[in-house]
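Each chain, letter by letter, is given below.
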Amino acid sequence: MPETQEKTFELAINGKKQRVTATPDMPLLWALRQEAGLAGTKFGCGAGLCGACTVHVDGVPTRSCLTPIGDVGSGKVTTIEGIQDDPVGRKLIDAWLAIDVMQCGYCQAGQVMSAHALLKETPRPSAEEIDAAMTGNLCRCATYPRIRQAIRIASGQETV
Amino acid sequence: MLDTLEPMFDPAISRRGFLRVSALAGGGLALSLTLPVAADAAEAAEPVHLTDFVTIDSAGLVTITSKNPEIGQGIKTSMAMMIADELDADWAKVAVASADFNKARYGNQIAGGSFATTNEYLPMRLAGAAARSMLVQAAANASGLAASELTTSKGAVRHAASGRAWSYGELAGPAALLPLPKLETLKLKEPKDFAIIGKATRGVDSARVLRGEPLFGIDARFPGMLHAVIETPPAHGGRLKSVDTKAAEAAHGVVSIVRLAAMGGPLGMPDGVAVVATNHWYAEKARELLKAEWDLSASQGDSLTRFDSEATRLHGLGPAAASATEIRRDGDPTAGLVGAAKRIKARYAYPWIAHATLEPQNCTALYRDGALEIWAPTQSPMPGVDQIGKLLGIPADKVTLHITRIGGGFGRRLANDYMLQAAAVAKAIPGRPVQVLWNRAEDLKRDFFRPGGWHMFEAGVDKAGKLTTFTDHFVTYGGGDGNPHHSSRLDGTHFPADLVPNLSYRMNVLDTVIPMGPLRAPASNALAFAFQGFLDEVAEAAGKDLPALMMELCAGEGMFARLETSWAKTVETSRARVRGVIERVVGISGWDKRPRGHDGRGLGFGFYFSHRGYVAEVADVSVDGTDVKVNKVWAAVDVGNQIINPTGAEAQVTGAIIDGIGQALAQKIGFTDGAIEQRNFDTFPLVRIGAAPSEIEVSWVMTDNPPTGLGEPALPPVVPAVTNAIYAASGKRIRSLPLSELA
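Procedures and definitions
- Residues numbered from 1 in each chain as written.
- Chains lettered and ligands numbered in written order.
- Predicted model: local features only at pLDDT ≥ 70, side-chain atom pairs only at ≥ 80, totals over all residues.
- Helix = DSSP H or I, 4+ residues; strand = E, 2+ residues; numbered from the N terminus.
- Rg over C-alpha atoms; globule rule 2.2 N^0.38 Å.
- Buried ≥ 20, exposed ≤ 12 C-beta atoms within 10 Å, placed from the backbone.
- Contact = placed C-beta atoms within 7 Å.
- Pairing = 2+ DSSP bridges.
- Axes fitted to C-alpha atoms, helices over the stretch in contact; angles between N-to-C directions.
- Parallel < 35°, antiparallel > 145°, perpendicular 65-115°, else oblique.
- Left-handed = near helix turned anticlockwise from the far one by under 90°.
- Nonpolar A, V, L, I, M, F, W, Y, C, P; charged D, E, K, R; others polar.
- Core = buried A, V, L, I, M, F, W, Y, C linked by C-beta atoms within 7 Å.
- Bend = angle between axes of the 7 residues up to and from the residue.

Caption draft 1: Molecular detail of the overall build of chain B. In terms of helices and strands, chain B carries 17 helices and 31 strands. At 28 Å, chain B has a C-alpha radius of gyration in line with the 27 Å of a compact globule built from 743 residues. Counting across all 743 residues of chain B, residues that qualify as buried make up 57%. In chain B, the share of contacts with a sequence separation of at least 24, taken over all contacts with a separation of at least 6, comes to 79%.

Next comes the structure, spelled out in structure tokens:
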């Protein structure tokens, strides 16, 4: 199919079916933000270098700025708007708020999505594992110490 | 989706006129009421607009308006805290709204210069106290008790003797009918009575951000909204010669192509071709089909390598033969150097760097019926509104500006170029809201950069190890008028001026078309590295360490002059406060027991005074070959007698420290013939989590001075603290940045 021809995709976003009409090459990021009305996922670099656009596709952290909507298929997409309802997501957000991680806040949705993927794989990550898992997520305000701490709190390794 | 970008109350329902509390130039305060109170009683159903800062509904929910742009510095929260505390609101029942731009009502609305805490601490508290006083009077009127018998706490007026209490919700209606109190009748709290100020308080929008609510400029959404990207000259100073738009016009989703002519001068917008489409993605794809020809003659030879060579040549000549302009001369620097027991000479250089806010520049606008409504993530709305008026040929009062939450400022959004672009595109497609959004390459390309610079220092110490002579031949950049740009200026008051008998500051200015602008602690963020780095060398030659040299230079009482570089305002620097933070950081870091063997680990020190804040920092650094790891940083910070929001304040300090480390590690912008070379975070690497120290210890040095801002002053000293620590660890002096370029 020509990349320039629009098609209607039925996406599974945050547990709901949502129809999005777009060309198949449109990155999932723009489909989410501008077609599906979900603004929580952010645009930072368009090249997979900053992590602000991180979502989950079938539970796998994915840079939505590099993922054509045509490739998503029946994959279950979870965004920051949907992670609230997940028990690990809730713990992370509670920890994030308890120590008020954010400054400008722009990267934080992507940070939480990456942290969520880490805790699903590694429920009690070490300091090195936290840094390794979060290295793809830039924070221009440099909230990194509190990101580390919030992940330790959410994983039960530290109390507030 | 729209509602989060709109004010929480309609300014049109204001019945009170303007409560305007503003700082006067002389340090006094003005509380002005510009309109009389309307006689109609507030209907109980509607929230009562008590003052321009305080609205209360019948259930007692207090909505506080925070007037300055929120860029992550926490001001939306801390200014609301100032108001809420003097109001004696119950913080659990406070909502905070962002003000739209409204010069008449709010005066200056700017995020810059770490000014807000300094300038707004008293006015905002008075705004809270004014509302409180009206509520107390309303309770007095209702009860027949004297206002002096009544107290307030947690959102209620109370009468201790009888145990009676009136909630603010029930008092708001009658209170709104009362005249605004006179400024001189308002009594502010003693700090010991603060219930909100000084308590760690979560950002008022944090939970909303984590729910993914559309708060940022880029999140603005309206039915039928279009998306624009703008092709701009590949090199600075370029002009559009011609453009073939046929292929782009035919591309999928494209609605319109709009040509933009440069306007607004150095802080304005360049020539451009806007591609307007139904989705940002379609606009980006169509942009690639534009065939534009540019006149790039203005920037030929405007190359970093040429400027580097020129600076080297000028330093080789020396300031006299290079005809360097004298900035300041005290005593006899030439004789001072000749007569010195020891002479120390070194050359320091630092690169151009970009702001790289994570939210790329963007702006949303709607033009209809001769008026423009605009949603802008701007740190400084006022100049943008004025320029838009000129651009569109409409009066400034036909421009309605909503200030959105901002995904990082760092000074970038003090310029309003993206607002002009959005206004120009919106005017070309009246009736359709349109969002201009830059991609990362555009954002790095069209920054207003922190300029680089070069310093040739020479100093002399006498037999007793006292610094007697200090000279700097500074080569810096200007925009073409022969003067250095304000972000690349060395002022005659710069430390250690006033403190050394023989002193000479001279400069040569290299003109460039590359745009310059303030970046977090402008000028200071570069000068701190050079001056504190060189003074570390001087201290060593004098047989002492940098903290000891600084203590000696700042001995005694009194003040010395210091120019606030970015705002061209001279403020006095207190010797005692300099010593206070140095003593503290030396104490908490174990400085006196530091390793001294250049054997892989070392501590380094840096002090800087900027934006009225005194900050001394010590970095603990490991060096293994070319691998540099900052293990820990200690910061001693004096910003006066009150930390407004301790959790936010600590975040500003730790963030600034890691930001500074990131700059030193690997950030550099290069350019050839006016074209910026970096296009994304692979070549302009922002600091990542692994480079953040595992610990940062912040210690507040409380002094009896009014509180001042924290967005900037903790950044400058960390750069020399790290580079001086690298020397301590490795024996290798770091005289140029970034560290990634050093062998």
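Next comes the rest of the write-up.
Caption draft 2: Region of the structure containing the overall build of chain A. The number of helices and strands found in chain A is six helices and five strands. Relative to a compact globule of 160 residues, whose C-alpha radius of gyration would be 15 Å, chain A shows 16 Å and is just as compact. Expressed as a percentage of the 160 residues in chain A, the buried residues total 59%. Within chain A, counting contacts between residues at least 6 apart in sequence, those at least 24 apart form 57% of the total.

Caption draft 3: Geometry of the sheet that holds strand 19 (residues 399–403) of chain B. Residues and elements named next belong to chain B. Spatially, the seven strands line up as an open sheet ordered 12-13-10-20-17-18-19, and their pairing is mixed. Two strands bound the open sheet, and with one partner strand each, they are strand 12 (254–260) and strand 19. Recorded for the sheet is a direction-independent mean angle of 20 degrees between the axes of neighbouring strands. Bridge count between strand 10 (residues 226–231) and strand 20 (residues 434–437): three bridges; the pairing is parallel. Within strand 20, the position partnered with Ala228 by the bridge is Val436.

Caption draft 4: Structural view of the pairing of strand 10 of chain B. Residue and element names in this part refer to chain B. Across the six residues that make up strand 10, a large majority, six, are buried. Burial along strand 10 is two-sided: Leu226, Ala228 and Ile230 facing one way and His227, Val229 and Glu231 facing the other are all buried. Bridge count between strand 10 and strand 13 (residues 272–277): five bridges; the pairing is antiparallel. Pairing of Val229 across the sheet is with Val275, part of strand 13.

Caption draft 5: Inspection of the packing of helix 3 (residues 87–98) of chain A against helix 6 (residues 144–154) of chain A at higher detail. Residue and element names in this part refer to chain A. The contact between helix 3 and helix 6 brings their axes to 8 Å, and the two run at 130 degrees. Relative to helix 6, the element helix 3 is oriented oblique. As helix 3 packs across helix 6, the resulting crossing turns out to be right-handed. Residues Lys91, Leu92, Ala95, Trp96 and Ala98 of helix 3 form the contact with helix 6, whose own contacting residues are Ala150, Ile153 and Ala154. Its residues placed into classes, the contact of helix 3 with helix 6 shows seven nonpolar, no polar and one charged.

Caption draft 6: The nonpolar core, seen in detail. All names here are of chain B. Core analysis: the largest hydrophobic core is formed by 274 residues, its most contacted members being Ala423 and Ala635. For this core, the element with the highest residue contribution is helix 3 (residues 116–143), accounting for 13 residues. The residues touching Ala423, leaving out its near neighbours within four places in the chain, are Ala365, Leu372, Ile374, Ile388, Leu391 and Leu392.

Caption draft 7: Examining the sheet that holds strand 3 (residues 54–57) of chain A more closely. All names here are of chain A. Read across the open sheet, the five strands follow the order 2-1-5-3-4; overall the sheet is mixed. The sheet terminates laterally at strand 2 (16–22) and strand 4 (60–63), the two strands that pair on one side only. Taking each pair of neighbouring strands and ignoring which way they run, the sheet shows an average axis angle of 45 degrees. Two strands pair when backbone bridges link them, and strand 1 (residues 7–13) and strand 2 are joined in this way by seven bridges, in the antiparallel orientation. Looking at the pairing, Thr8 lines up with Thr21 of strand 2. Sheet strands in contact with helix 4 (residues 108–121) are strand 3 and strand 4, and its direction is about 40 degrees off that of strand 3.

Caption draft 8: Quick look at the interface of chain A and chain B. Listed per partner, the contact involves 47 residues of chain A and 48 residues of chain B. Contributions of two or more residues to the side of chain A that touches chain B are made by helix 1 (28–35), helix 2 (80–83), helix 3, helix 4, helix 5 (127–134) and helix 6 of chain A. Looking at side-chain class alone, the side of chain A that touches chain B contains 28 nonpolar, 14 polar and five charged residues.

Caption draft 9: Focus on the environment of Pro223 of chain B. All names here are of chain B. Turning to its location among the elements, Pro223 is positioned in the loop between helix 5 (206–210) and strand 10. You can call Pro223 exposed: it has 7 C-beta atoms within 10 Å. Spatially, the C-alpha atoms of Pro223 and Val434 are 10 Å apart, while their sequence positions differ by 211 residues.

Caption draft 10: Broad picture of the packing of helix 16 (residues 646–666) of chain B against helix 17 (residues 718–730) of chain B. All names here are of chain B. One way to put it is that helix 16 packs onto helix 17 with a least axis distance of 8 Å and a crossing angle of 55 degrees. Viewed along their axes, helix 16 and helix 17 adopt a mutual orientation that is oblique. The element helix 16 and its partner helix 17 pack so that their crossing is right-handed. Contact residues: helix 16 offers Ile657, Gly660, Ile661, Gln663 and Ala664, while helix 17 offers Val718, Val719, Val722 and Thr723. Among the residues forming the contact of helix 16 with helix 17, the class breakdown is six nonpolar, three polar and no charged.

Caption draft 11: Main features of helix 8 (residues 304–321) of chain B. Residues and elements named next belong to chain B. At His315, helix 8 shows its maximal kink, close to 60 degrees; a proline, Pro319, follows between one and four residues later. Taken as a whole, helix 8 has its buried residues at Phe307, Ala311, Leu314, His315 and Pro319. Against the buried residues of helix 8 lie strand 16 (342–350), strand 21 (453–461), strand 22 (467–478) and strand 23 (502–511). Positioned one or two residues after helix 8, Ser323 has a phi angle of 50 degrees, which is positive.

Caption draft 12: Here's a closer look at helix 7 (residues 280–287) of chain B. Judged by how many residues are buried, helix 7 of chain B sits mostly within the fold: seven of eight residues are covered. Burial in helix 7 of chain B covers these residues: His280, Trp281, Tyr282, Ala283, Lys285, Ala286 and Arg287 of chain B. Residues of helix 7 of chain B that are buried sit in contact with helix 1 of chain A together with strand 10, helix 6 (246–249), strand 12, strand 13 and strand 20 of chain B.

Caption draft 13: The environment of Glu284 of chain B, seen in detail. All names here are of chain B. With respect to the helices and strands, Glu284 occurs in helix 7. Here the alpha-carbon distance between Glu284 and Asp417, two residues 133 residues apart in the chain, equals 20 Å. With residues up to four places along the chain from it excluded, the contact list for Glu284 reads Val229 and Asn439.

Caption draft 14: Spotlight on the environment of Ala52 of chain A. With respect to the helices and strands, Ala52 of chain A occurs in the loop between helix 1 and strand 3. Taking the C-beta count within 10 Å as the criterion, Ala52 of chain A has 28 such neighbours and is therefore assigned buried.

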